Amino acid sequence: QVQLVESGGGLVQAGDSLRLSCAASGRTSNGGAMGWFRQAPGKEREFVAAITWSGGSPYYTDSVKGRFTISRDNAKNTVFLQMNSLNSEDTAIYYCASTPRIQLFPSWYGRPSAYSDWGQGTQVTVSS
């Protein structure tokens with residue numbers, strides 16, 4: 001299985017930005033897709049964004065559109081989540097996940113069950 005390691009979380013104030021990274025060991029460019037999810041205490045794991053390694057268009061949940069940007073560096077097997085204009089509702093543990101599926105479809109890319117490998121998560125806390 002692919003090892004995924006998130007980094008970049010922290011404590012910030014509302015309106016600030018953070019850039020999360022997810023390093024995928026052994027990952028190859030154009031192979032499958034990566035997603036970001038988040039989970040706040042007492043809530044279900046929520047889809048945030050997804051992108052394919054092959055270069056297809058990324059997808060976002062409505063609540064982060066215009067604020068978050070997912071990207072990837074295929075040569076380094078790393079995906080990023082640039083988070084701008086953070087607010088308290090963004091406070092959660094953020095997880096990256098990997099799937100061998102090579103094309104994103106609405107029927108599955110927002111479902112945690114579609115992803116086979118997960119990182120341990122990185123905490124993002126946004127103070128009001």
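Quick look at the structure, then.

How each quantity is defined
Residues numbered from 1 in each chain as written. Predicted model: local features only at pLDDT ≥ 70, side-chain atom pairs only at ≥ 80, totals over all residues. Heavy atoms only, no water. Helix = DSSP H or I, 4+ residues; strand = E, 2+ residues; numbered from the N terminus. Rg over C-alpha atoms; globule rule 2.2 N^0.38 Å. Contact = heavy atoms within 4.5 Å. Lys, Arg positive; Asp, Glu negative; His and termini not counted. Charge placed at Lys NZ, Arg CZ, Asp CG, Glu CD. Pairing = 2+ DSSP bridges. Axes fitted to C-alpha atoms, helices over the stretch in contact; angles between N-to-C directions. Buried < 20%, exposed > 50% of the residue type's maximum accessible area, 1.4 Å probe, protein only. Polar contact = N/O pair within 3.5 Å; in protein donor to acceptor, adjacent residues only side chain to side chain. Phe/Tyr/Trp six-rings, centres within 6.5 Å; stacked < 30°, edge-to-face > 60°. Core = buried A, V, L, I, M, F, W, Y, C linked by side-chain atoms within 4.5 Å.

1. Things to note about the overall build of the protein chain
1) Next: Across its full length, the protein chain holds zero helices and 11 strands.
2) Next: Listed by position from the N terminus, the elements making up the protein chain come as β-β-β-β-β-β-β-β-β-β-β.
3) Next: On C-alpha atoms alone, the protein chain measures out to a radius of gyration of 13 Å, which is about the 14 Å that the 2.2 N^0.38 rule sets for 128 residues.
4) Next: The principal-axis extent of the C-alpha atoms belonging to the protein chain is close to 40 × 30 × 25 Å.
5) Next: When contacts within the protein chain are restricted to residue pairs at least 6 apart in sequence, long-range pairs at least 24 apart make up 58% of them.
6) Next: Side-chain charges in the protein chain split into 11 positive and 9 negative, and the spacing between the mean points of these groups amounts to 6 Å.

2. Observations concerning the sheet that holds strand 8 (residues 78–83)
1) Next: Read across the open sheet, the four strands follow the order 1-3-8-7; overall the sheet is antiparallel. Of all strands in the sheet, those bounded by a partner on one side alone are strand 1 (3–7) and strand 7 (68–73). Between one strand axis and the next, the sheet turns by 15° as a mean value, whatever way the strands run.
2) Next: Pairing of strand 3 (residues 18–25) with strand 8, which is carried by six bridges, proceeds in the antiparallel orientation. For alanine 23, the partnering residue across the bridge sits in strand 8 and is threonine 78.

3. Some words on the environment of glutamine 39
1) Next: Note on placement: glutamine 39 falls in strand 4 (residues 33–39).
2) Next: Residue class for glutamine 39 comes out partly exposed when judged on its relative accessible area of 26%.
3) Next: The sequence separation of glutamine 39 and isoleucine 93 amounts to 54 residues, and the corresponding C-alpha distance is 5.3 Å.
4) Next: Contact partners of glutamine 39, with chain neighbours within four places excluded, come to Glu44, Arg45, Ala92, Ile93 and Tyr95.
5) Next: Within polar-contact distance, the side chain of glutamine 39 engages the side chain of arginine 45 at 3.2 Å.

4. Examining the packing of aromatic side chains
1) Next: Using the criterion set out here, one finds eight aromatic pairs in the structure.
2) Next: Ring geometry for phenylalanine 37 versus tyrosine 115: centroids 5.2 Å apart, planes at 75°, classification edge-to-face. With phenylalanine 37 in strand 4 and tyrosine 115 in the loop between strand 9 (92–99) and strand 10 (117–118), this residue pair connects regions lying 78 residues apart in the sequence. Tyrosine 115 matches phenylalanine 37 in its accessibility class, with the two residues each being buried.

5. Points about the nonpolar core
1) Next: In terms of nonpolar packing, the biggest core is built from 26 residues, with Trp36, Val48, Phe68, Leu81, Met83 and Tyr94 touching the most fellow members.
2) Next: Secondary-structure elements contributing two or more residues to this core are strand 3, strand 4, strand 5 (46–52), strand 7, strand 8, strand 9 and strand 11 (122–127).
3) Next: Here the element with the most residues in this core is strand 3; it accounts for four residues.
4) Next: Not counting residues up to four positions away in its chain, the partners in contact with phenylalanine 68 are Arg38, Val48, Tyr60, Leu81, Gln82, Met83, Asn84, Leu86, Asp90 and Tyr94.
5) Next: If you look at the next biggest cluster of nonpolar residues, it comprises 10 residues, including Ala33, Ala50, Leu104 and Ala114.

6. A word on the pairing of strand 5
1) Next: The buried count for strand 5 comes to six of seven residues, which makes it a mostly enclosed element.
2) Next: Hairpin connection between strand 4 and strand 5: a loop of six residues separates the two successive antiparallel strands, and glycine 42 in this loop has a positive phi of roughly 80°.
3) Next: With two bridges joining them, strand 5 and strand 6 (residues 59–60) adopt antiparallel strand pairing. Looking across to strand 6, one finds that alanine 49 is bridged to tyrosine 60.

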